[in-house]
Amino acid sequence: MSLPTTLFKSLANIKKDLKEDIDAVFNRDPAARNSLEVILTYPGIHALILHRGAHYLWQHEQKLAARVISYGSRIITGIEIHPAATIGRRFFIDHGVGVVIGETAEIGDDVTLYHGVTLGGVSQDNGKRHPTLEDGVTVGAGAKVLGPFTVGKNAKIGSNAVVVKPVPAYATMVGSAARMISDYHDEKGNPVPSKIATNKSKAALKAADSQRDTSQSKNNAKTESQSSKDNSTRTTTFQAYGIDPYSQDPVAEAFAKMLEHIQQSENRLDQLQTAMSKLDPNFSKKEYDKLCLKDLDVIGQDDMDDAGAEQK
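As a convention, each chain's residues are numbered from 1 in the sequence order in which they are written. Restriction of local features to residues with pLDDT of at least 70 applies here, the model being predicted, together with a cutoff of 80 or more for giving and counting side-chain atom pairs; totals for whole chains, interfaces and linings are based on all residues. The basis for the side-chain values is all heavy atoms of the structure; hydrogens and waters are excluded.

J.: Explain helix α4 (residues 63-77) residue by residue, including any values.
T.: Given a rise of 1.5 Å per residue, 15 residues ought to cover 21 Å, and the 21 Å separating the end C-alpha atoms of α4 matches this to within 8%. Contacts are assigned to residue pairs with any non-hydrogen atoms lying within 4.5 Å of each other. Secondary structure elements are taken from DSSP: a helix is a run of H or I of four residues or more, a strand is a run of E of two residues or more, and numbering for both begins at the N terminus. At its buried positions, α4 is contacted by α3 (43-59) and β1 (80-81). After α4 finishes, the residue Gly78 shows a positive phi value of roughly 80 degrees. Take the number of residues in a helix, subtract one, and multiply by 1.5 Å to get its expected span.

Take a look at the structure:
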């Protein structure tokens, strides 16, 4: 293949990748207004463009040049990406300051990272040391994902979470060390196939409805149609800092389970006292204060109920 043909194909691929990256910004950042603004002022775009160049050089044994470009990108953008790291399509880094991506990290398509995220390692040995993020993963601000494990497809990692073990697909991890809160997994982290299948069917129905609504609105003005499309996309894909708004606070869930257990014990104690009274006429029952949900107001149940009512 001739050099001009190879160069033309390379430029075409670069243009295609850049367009996808800009579209990803519009889909996930409501603050984005036009393409020129994104190209000139978004450090995540700058870091991604420079990384692709550095990664190409690294693969072609120009490691010093690749590291120089990577270092220059770090100075300009505040984002450090090792040139050996593998990054998929439509990757988006929001804000970007303080993001660190290690040498053996692997990132799939449609992944979103917020500022302060570290994809790091916990070993000084050669070989795989950094995490693998599958398609659709969202990592919240300040989160640390440390170790050579896999974060499953469409998983979410909350702000400031510290994750040191594999994350199943569709799970949400919060806290330090991170705990899983998921409607699609049991307490041991095993997937619940029926719930995952239900979620996929709902997503398919939503996509079909969206496509039908789009076809019905073709007679509207072009600007109104584009605005409606952008708002719809942002509503369904933008999860601020990786937190699912419908997820229950794990601490509140723990308190609720404790309260349920205490109430069961109290009921059992009442039954035992009743049985003892029947067996021994001289046995006298003792009254005791029973716990209720209001006694444990520290879990903020009223606030959670109010928030749930507002969301409905």
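J.: I'd like a description of the sheet that holds strand β5 (residues 106-107), backed by residues and values.
T.: Taken together, four strands build an open sheet; the order of strands is β2-β5-β8-β11 and the sheet is parallel. A single partner strand is all that each edge strand has here, and the edge strands are β2 (86-87) and β11 (150-151). When strand β8 (residues 132-133) meets β11, the two strands line up parallel, connected through two bridges. Paired with Thr132 across the two strands is Thr150, which belongs to β11. When DSSP locates at least two bridges between a pair of strands, those strands are taken to pair.

J.: Outline the sheet that holds strand β13 (residues 162-163), supporting the account with residue identities and numerical values.
T.: For sheets, the rule is that strands pair by backbone hydrogen bonds, running either parallel or antiparallel. The strand order β1-β4-β7-β10-β13 describes an open sheet built from five strands, whose pairing is parallel. Each edge of the open sheet carries a strand with a single partner, namely β1 and β13.

J.: How would you sum up a nonpolar patch on the surface? Please name residues and give values.
T.: Any residue with relative accessible area above 30% and no salt bridge may belong to a patch, with like charges joined within 9 Å and the nonpolar Val, Leu, Ile, Met, Phe, Trp and Tyr side chains within 5 Å. Note on areas: Shrake-Rupley with a 1.4 Å probe; residue coverage comes only from the protein chains shown. Salt-bridge detection follows one rule: a side-chain nitrogen of Lys or Arg within 4 Å of a carboxyl oxygen of Asp or Glu. Where nonpolar side chains cluster on the molecular surface, the patch consists of Leu50, Tyr71, Ile75 and Ile76 and spans about 430 Å² of accessible area. Broken down by element, the nonpolar patch gets its largest block of residues, three residues, from α4. Tracing the backbone through its elements, the reader meets Leu50 in helix α3.

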